[in-house]
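# Survey of secondary and tertiary structure
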Amino acid sequence: MILVGNPDPYFFFIASKHTHNKQIWYLTTEGPVELRSGIRWYRTIQPYVVANSYYTKECLERSGLPVDEVIWHGCRFQALEDVPDKTLEFLYCAGYLRRKYPKACGPVIERLGHRLLLITTMNNPYMRGFDLISIYDAPHVKRRYPDRVCKDETLIELYKSARFYLNLSDTEGFGLTVLEAMAFGAIPIVLQIPPFTEWLPRECAYWFKPTGRIELEPFGAHRIEHKIYTTEALWGAISRALKDRSRWADKAKKCLEVARRMHYENLYPRFLEFIT
């Protein structure tokens, strides 16, 4: 069996109920982990441990959990053959985690206003802190919606319509929504940190750099590593992207190529090498 998730106590509880099964643990994390009972169950079950990025591998091994292999997260969407017409400037998909809304992004979101479409949950507590964050009705969306009713068909149409995927998060285990957006020709604007620097070619994105300062946030069994960046760095990347009109088409095509290579059918057969 393949167990997928963050290495938290509930994950190890589920693993402990299936000790008779040969197990693969496919893990992600955004920082160090307090493994607690995890090491005991690791020794008992002796799973094949796979990380979804080298950054995740480094975090897990720093926490004391050996990792056997890295298999990047596969994209569930087939990449388009051609870049579609773009009607929306900026798109961002994010839940309610603090790492998705660093303080530095507030003034930028306020400045972009309705040029940015945010897909999130209506109970997002950070929306109260960012009264400048808004969910607005895209032309082909009939109502405001939380992500629980944002079906794949709607998400695909939004990915297709977006010229830029503005990833505001200050840390990721892999960054799957960035890859999904690329499958539809959206150009990422991302923080220059692992794991993005592992799998995302430099020429496919507009990058902004962190300050080098890291803040740790206790989050259950995790210590989320926030890579601090400034408003100026983020806005600088956005400004470069908006001025770089002559390269948009080429960058978008390269994004399609990367997403095509990273479709799950091209990556996940490696799990079979262990299963068989």
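Here is what the cut-offs are and how they apply
Residues numbered from 1 in each chain as written. Predicted model: local features only at pLDDT ≥ 70, side-chain atom pairs only at ≥ 80, totals over all residues. Heavy atoms only, no water. Salt bridge = Lys/Arg side-chain N within 4 Å of Asp/Glu carboxyl O. Helix = DSSP H or I, 4+ residues; strand = E, 2+ residues; numbered from the N terminus. Buried < 20%, exposed > 50% of the residue type's maximum accessible area, 1.4 Å probe, protein only. Pairing = 2+ DSSP bridges. Lys, Arg positive; Asp, Glu negative; His and termini not counted. Polar contact = N/O pair within 3.5 Å; in protein donor to acceptor, adjacent residues only side chain to side chain. Contact = heavy atoms within 4.5 Å. Patch = residues over 30% accessible without salt bridge, like charges linked within 9 Å, V, L, I, M, F, W, Y side chains within 5 Å. Areas by Shrake-Rupley, 256 points an atom, 1.4 Å probe, with all protein chains shown as cover. Phe/Tyr/Trp six-rings, centres within 6.5 Å; stacked < 30°, edge-to-face > 60°. Lys NZ or Arg CZ within 6 Å of the ring centre and 35° of its normal.

## Things to note about the pattern of salt bridges
- For the structure shown, the criterion picks out 18 salt bridges.
- E180 is the salt-bridge partner of R76, the closest N and O atoms lying 2.9 Å from each other. Of the two residues, R76 sits in the loop between β4 (69–70) and β5 (88–93) while E180 sits in helix α7 (residues 176–182), which places them 104 residues apart along the sequence.
- E180 gets classed as buried once you look at its relative accessible area, which sits at 4%.
- Put simply, R98 and E215 hold a salt bridge, and the shortest N to O gap is 3.5 Å. On the criterion of sequence distance, the pair formed by R98 in the loop between β5 and α4 (106–112) and E215 in strand β10 (residues 214–219) is long-range, its members being 117 residues apart.
- Here R98 falls in the partly exposed class, since its relative accessible area comes to 33%.
- The exposure class of E215 is partly exposed, given its relative accessible area of 30%.
- When salt bridges with common partners are traced through the structure, they connect E30, R99, K100 and E172 into a single cluster.

## What to know about the sheet that holds strand β3 (residues 48–51)
- A sheet is described by the order of its strands in space; here four strands give the open sequence β1-β2-β3-β4, paired in parallel fashion. Edge strands, defined here as strands with exactly one partner in the open sheet, are β1 (2–5) and β4.
- Examined bridge by bridge, strand β2 (residues 24–27) and β3 share four bridges and lie parallel to one another. In the strand pairing of β3, I24 is matched with Y48.

## Considerations on the side chain of K251
- Residue position: K251 is located in helix α10 (residues 248–261).
- It is D244 that comes nearest to the buried, bridge-free K251 among opposite-charge side chains, at 5.1 Å.
- There is a polar contact of 2.7 Å between the side chain of K251 and the backbone oxygen of E203.
- With sequence-adjacent residues up to four places away left out, K251 is seen in contact with I187, R202, E203, C204, A205, Y206 and D244.

## Re a nonpolar patch on the surface
- A cluster of nonpolar side chains, contributed by I2, V4, L272 and I275, occupies part of the molecular surface with about 370 Å² of accessible area.
- Only β1 and α12 (269–275) provide two or more residues apiece to the nonpolar patch.
- With respect to the secondary-structure elements, I2 resides in strand β1.
- A residue is classified by how much of its surface remains accessible, and I2, at 38% relative accessible area, is partly exposed.

## Topic: the packing of aromatic side chains
- A complete count under the given rule lists 21 aromatic pairs for this structure.
- Taking 5.1 Å as the distance between ring centres and 80° as the angle between the ring planes, the aromatic pair formed by Y26 and F271 counts as edge-to-face. With Y26 in strand β2 and F271 in helix α12, this residue pair connects regions lying 245 residues apart in the sequence. Each member of the pair, Y26 as well as F271, carries the same accessibility label: buried.
- A connected cluster of aromatic rings, assembled from ring pairs, spans F11, F12, W25 and Y42.
- If you follow K22 out to its NZ or CZ, it ends over the ring of F274, 4.8 Å from the centre.
- For K251, the ring lying beneath its charged end belongs to Y206, and the centroid distance is 4.6 Å.

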